[in-house]
Amino acid sequence: TLFWFLMISISWGEAGVLDDLRGPPSSLVPSTNNEQALKVYSNDQLANLRKSIADVVHELVMGVKQTPNFRRALLQDIAGLCCFFGQKQTAEFLLPILPAFLNDRDEQLRTVFYGQIAYVCFFIGERNVEEFIAPLIVQALSDITEGVIVNTLDCLTALCKSGYFRKRLLLMMIQNAFLLLCYPSECVRRSAVSFIAASSESLGAIDSYVFLAPIIRPFLRRQPASLSSESALLSCLKSPVSRQGYY
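Analysis parameters
Residues numbered from 1 in each chain as written. Predicted model: local features only at pLDDT ≥ 70, side-chain atom pairs only at ≥ 80, totals over all residues. Heavy atoms only, no water. Helix = DSSP H or I, 4+ residues; strand = E, 2+ residues; numbered from the N terminus. Buried < 20%, exposed > 50% of the residue type's maximum accessible area, 1.4 Å probe, protein only. Areas by Shrake-Rupley, 256 points an atom, 1.4 Å probe, with all protein chains shown as cover. Core = buried A, V, L, I, M, F, W, Y, C linked by side-chain atoms within 4.5 Å. Contact = heavy atoms within 4.5 Å. Axes fitted to C-alpha atoms, helices over the stretch in contact; angles between N-to-C directions. Parallel < 35°, antiparallel > 145°, perpendicular 65-115°, else oblique. Nonpolar A, V, L, I, M, F, W, Y, C, P; charged D, E, K, R; others polar. Patch = residues over 30% accessible without salt bridge, like charges linked within 9 Å, V, L, I, M, F, W, Y side chains within 5 Å. Salt bridge = Lys/Arg side-chain N within 4 Å of Asp/Glu carboxyl O. Disulfide = S-S within 2.5 Å. pLDDT = per-residue confidence, 0-100. Arc of directions from axis to C-beta. Phe/Tyr/Trp six-rings, centres within 6.5 Å; stacked < 30°, edge-to-face > 60°.

1. Describing the overall build of the protein chain
A count of helical and extended segments in the protein chain gives twelve helices and zero strands. Seen in sequence order, the protein chain has helices and strands lined up from the N terminus as α-α-α-α-α-α-α-α-α-α-α-α. Counting the 247 residues in the protein chain, one finds 42% classified as buried. Summed over all atoms, the accessible surface of the protein chain reaches about 13,900 Å², with 56% contributed by carbon and sulfur.

Here you go:
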């Protein structure tokens, strides 16, 4: 709310609305100087507000009074926090504290984390995604909670469709995810298929045939018409293995 009011005041100031409300100017200072002063003041106010919110977030995530409920509540609106902090401060402040969310053994917290982490990725850039987020994603693909696996696969699909994975990293993710095509849960298999289809679309027909097809061939009853078609892949999948057989 404070951020919203600050942004409104900035936009009003830039439009001259506040000057109109105050009546005729009593100063002979040029308007360009007023605009520059307003911009400096607004930037200072925003920096102070961001620092105050950062202190609160850090306490809720890392402080002695933190709880899974606090952390889940923060994650539910992580996209809003990223918008508030901007790209630079999201990378400098939010990114380093993300692993703390996973130190808790709470299954719901991990599920929410991987359901929301894609929003952070859109703010921190490809390099940070590869260096900091990719290892967390690989770790989650072998989680014992199905909700975590599904959300992780959906995150991979979203990042793949957005072009956040270079070829080398995408192939690494495929290597870590392809076994989920035979997972006992249908929800997990469908999400795995969505990721494989998005990967094929990203790789293109030739690279899909060279790199992707040999990996997933053991899980298919026949060759699908298109590796980038979810429906085609689903229709060609072999039956899943049992839970005992998978683990």
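2. Observations concerning the nonpolar core
By size, the foremost hydrophobic cluster in this structure holds 75 residues, and its most contacted members are Leu94, Phe113, Ile133, Leu153, Phe165, Ile174 and Ile216. The dominant element in this core, judged by the number of residues it contributes, is helix H6 (residues 107–140), at 15 residues. Not counting residues up to four positions away in its chain, the partners in contact with Phe113 are Leu75, Leu98, Phe101, Leu102 and Leu136.

3. Describing the packing of helix H9 (residues 186–203) against helix H10 (residues 205–216)
Interaxial distance between H9 and H10 falls to 7 Å at its minimum, and their mutual angle equals 150°. When the axes of H9 and H10 are compared, the pair comes out roughly antiparallel. When H9 is examined against H10, the residues Ile196, Ser200 and Leu203 are found in contact with a partner set consisting of Ala205, Asp207, Ser208, Leu212 and Ile216. The residue inventory of the contact of H9 with H10, partitioned by class, reads five nonpolar, two polar and one charged.

4. Brief notes about a nonpolar patch on the surface
On the surface, Ile206, Tyr209, Val210 and Phe211 cluster together to form a nonpolar patch covering roughly 450 Å² of accessible area. Here Val210 lies in helix H10.

5. Quick word on the environment of Phe122
Turning to its location among the elements, Phe122 is positioned in helix H6. Looking at Phe122, the relative accessible area reads 32%, which means it is partly exposed. Sequence separation between Phe122 and Cys82 is 40 residues; the distance between their C-alpha atoms is 9.2 Å. Excluding anything up to four places from it in sequence, Phe122 contacts Leu159, Ser162 and Tyr164.

6. Overview of the state of the cysteines
Between two cysteines, a covalent bond joining their sulfur atoms is known as a disulfide. Throughout the structure, instances matching the rule amount to zero disulfides. Note on Cys121: no disulfide assigned, nearest cysteine sulfur contributed by Cys155 at a separation of 5.2 Å. For Cys121, a relative accessible area of 0% gives the class buried.

7. Here's the deal with the environment of Gly86
One can find Gly86 in helix H5 (residues 78–101). Counting along the chain gives 36 residues from Gly86 to Arg50, while the straight-line C-alpha distance between them is 9.7 Å.

8. Topic: the confidence of the model for the protein chain
Chain-level pLDDT for the protein chain is 84 on average; 83% of the residues reach the 70-or-more range. Within the protein chain, H9 carries the highest mean pLDDT (97), whereas helix H2 (residues 17–22) carries the lowest (42). In the predicted structure, residues 1–30 sits below a pLDDT of 50 and forms 18 contacts with residues beyond four places in sequence or in another chain.

9. Description of helix H4 (residues 68–76)
Regarding H4, the residues found buried are Arg71, Arg72, Leu74 and Leu75. Taken around the axis of H4, the buried residues stretch over an arc of 160°, which confines them to a single face.

10. So, the packing of aromatic side chains
Taken as a whole and judged by the stated rule, the model has six aromatic pairs. With centroids separated by 5.0 Å and ring planes inclined at 80°, the aromatic side chains of Phe113 and Tyr114 adopt a geometry described as edge-to-face. Given the relative accessible area of 1%, Phe113 is considered buried. Since its relative accessible area comes to 3%, Tyr114 is described here as buried.

11. Describing the pattern of salt bridges
In this structure the tally under the stated criterion is nine salt bridges. Note that Arg110 is salt-bridged to Asp143, the shortest N-O span being 2.9 Å. Taken together, the residues Arg110 in helix H6 and Asp143 in the loop between H6 and helix H7 (146–161) connect sequence positions 33 residues apart. For the pair shown, Arg110 and Asp143 are each scored as buried.

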